[in-house]
Amino acid sequence: TDNYFGVKYLYRKFKLKRFKERIAKYQYGLADAGWNSLFIENHDQRRSVGRFGTTASPEYKNYSSKMLALCYFMLRGTPFIYQGQELGMTNIGSKDLNDYQDVELMRMHNMAKKHPFIKMLIGKHMFDVSRDNARTPMQWDSSEYAGFSTAEPWLKVNPDKDKVNAKAEMRDHDSLYTWYKELIRLKRSEKVLQKGRFELLLENDKNLFAYTRENDDTIALVVCNFSEKVIPNTKLDLTGYENVLSNYAKAYDEHFLPYGARLYIKRKHNIGEI
């Protein structure tokens, strides 16, 4: 959804509509024939912070990371969390080839040096998409080597270890780590989020990704704003829904805040009516 032909070095700007199409293809396609593996990071892809239309800017990083997490986590399938993803670990941000060990990147770099046309195609984003961005040492704390080792590791430690590390985030009730714990709790406790039917909403909306999960008893509604704009809610009827999770302390049904993410639950029958 952010490259051409599935080749990560052929970068193109992310579009939410493409993202929706790819997600829906597998959600519908495997509905009665299989099971989805849900992931947004792995050892061969760059970090999700700042990817898929989100941002790594200090003002919105926490919101956008939580939004993307909720978006994929509540889909039908088994969610995977790659090491450091739950902390919001970022790309290393270096443009120095010496900071990488990725053989794939070395080959692409050599090709770009020899061929101006290839350099024009891949040069600007070459370091940004390297898989070594997701292979830097796990950031356990803010020590010299982030608690990963007492000796200099194979790859350089990300400079943001002072703020992005497990020790700090486990103490912070508003951290991305705490958010992932809550996502896991909800996924395990709500049957509708496990095997409920998927339905994509607002298919052509350029800013909002919304979908429902539904079974005989419950409807879950996920709404994610993939923009830095405040988006008025003019299309979703939230009557009867309870907002059970939001990445903003104050959330209003009338609009969706920048990178806002919400999970709504509607019970089809009240206990007193049964």
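Structure: see above.
Residues numbered from 1 in each chain as written. Predicted model: local features only at pLDDT ≥ 70, side-chain atom pairs only at ≥ 80, totals over all residues. Heavy atoms only, no water.

Colleague: Could you clarify how one ought to interpret the overall build of the chain in this entry?
Modeller: Across its full length, the chain carries 7 helices and 11 strands. The globule rule puts the C-alpha radius of gyration for 274 residues at 19 Å, and the 20 Å found for the chain is close to it. By principal-axis analysis of the C-alpha atoms, the chain measures approximately 70 × 45 × 35 Å. In the chain, which comprises 274 residues, the proportion classed as buried is 49%. For the chain, contacts bridging at least 24 residues in sequence account for 63% of all contacts bridging at least 6. Carbon and sulfur atoms make up 52% of the accessible area of the chain, which totals about 15,000 Å². Here the chain contributes 44 positive and 35 negative side-chain charges, whose respective centroids are spaced 5 Å apart. (Helix = DSSP H or I, 4+ residues; strand = E, 2+ residues; numbered from the N terminus. Rg over C-alpha atoms; globule rule 2.2 N^0.38 Å. Buried < 20%, exposed > 50% of the residue type's maximum accessible area, 1.4 Å probe, protein only. Contact = heavy atoms within 4.5 Å. Areas by Shrake-Rupley, 256 points an atom, 1.4 Å probe, with all protein chains shown as cover. Lys, Arg positive; Asp, Glu negative; His and termini not counted. Charge placed at Lys NZ, Arg CZ, Asp CG, Glu CD.)

Colleague: Would you mind showing me how to read the packing of aromatic side chains here?
Modeller: When we look at a pair of aromatic rings, we describe it by the centre distance and by the angle of the planes. The full count for this structure, using the stated rule, is 17 aromatic pairs. Ring geometry for Phe14 against Phe226: centres 6.2 Å apart, planes inclined by 20°, an arrangement best described as stacked. Placement of Phe14 in the loop between β2 (7-11) and α1 (16-29) and of Phe226 in the loop between β7 (218-225) and β8 (231-232) is noted, with a sequence separation of 212 residues between them. By relative accessible area, Phe14 is classed as buried at 13%. (Phe/Tyr/Trp six-rings, centres within 6.5 Å; stacked < 30°, edge-to-face > 60°.)

Colleague: Sorry if this is basic, but what is going on with the packing of helix α2 (residues 61-73) against helix α6 (residues 176-189) here?
Modeller: When two helices pack together, you describe them by how their axes are tilted relative to each other and by the distance separating the axes. One way to put it is that α2 packs onto α6 with a least axis distance of 10 Å and a crossing angle of 20°. Considered as vectors, α2 and α6 are oriented roughly parallel to each other. For the pair α2 and α6, the crossing hand works out as right-handed. Contacts from Asn62, Ser65, Lys66, Ala69, Leu70, Tyr72 and Phe73 in α2 reach Leu176, Trp179, Tyr180, Leu183, Ile184 and Lys187 in α6. Here the contact of α2 with α6 is composed, by residue class, of 9 nonpolar, 2 polar and 2 charged. (Axes fitted to C-alpha atoms, helices over the stretch in contact; angles between N-to-C directions. Parallel < 35°, antiparallel > 145°, perpendicular 65-115°, else oblique. Left-handed = near helix turned anticlockwise from the far one by under 90°. Nonpolar A, V, L, I, M, F, W, Y, C, P; charged D, E, K, R; others polar.)

Colleague: Looking at this structure, I do not really get the pairing of strand β11 (residues 261-267). What am I missing?
Modeller: Consecutive residues of a regular strand have side chains that alternate between opposite faces of the sheet. For β11, the tally of buried residues reaches 5 of 7 residues, placing the bulk of the element in the interior. Direction of pairing for β7 relative to β11: antiparallel, over a ladder of 7 bridges. Looking at the pairing, Ala220 lines up with Ile265 of β11. Relative to β11, strand β9 (residues 242-246) runs antiparallel, the two being bridged by 4 bridges. If you follow Glu242 over to β11, its bridge partner there is Ile265. (Pairing = 2+ DSSP bridges.)

Colleague: Whenever I open this one, α2 confuses me. Can you help?
Modeller: Owing to its 3.6 residues per turn, the α-helix aligns residues three or four sequence positions apart on the same side. Taking 1.5 Å per residue as the helical rise, α2 with its 13 residues ought to reach 18 Å, and the 18 Å between its terminal C-alpha atoms agrees with that figure. Within α2, 11 of the 13 residues are buried, which leaves it mostly tucked inside the rest of the structure. (Expected span 1.5 Å × (residues − 1).)

Colleague: Would you mind going over the pattern of salt bridges with me for this structure?
Modeller: Working definition: two side chains of opposite charge can pair if their charged atoms are close together. Evaluated as defined, the whole model comprises 16 salt bridges. Note that Glu41 is salt-bridged to Arg47, the shortest N-O span being 2.7 Å. When sorted by exposure, Glu41 lands in the same class as Arg47, which is buried. For the salt bridge of Arg135 with Asp44, the shortest nitrogen-to-oxygen distance reads 3.0 Å. In this pair, Arg135 sits in the loop between α4 (116-122) and α5 (166-169) while Asp44 sits in the loop between β3 (37-38) and α2, placing the two residues 91 residues apart along the sequence. Taken together, the shared-partner salt bridges connect Asp44, Asp102, Arg131 and Arg135 into one network. (Salt bridge = Lys/Arg side-chain N within 4 Å of Asp/Glu carboxyl O.)

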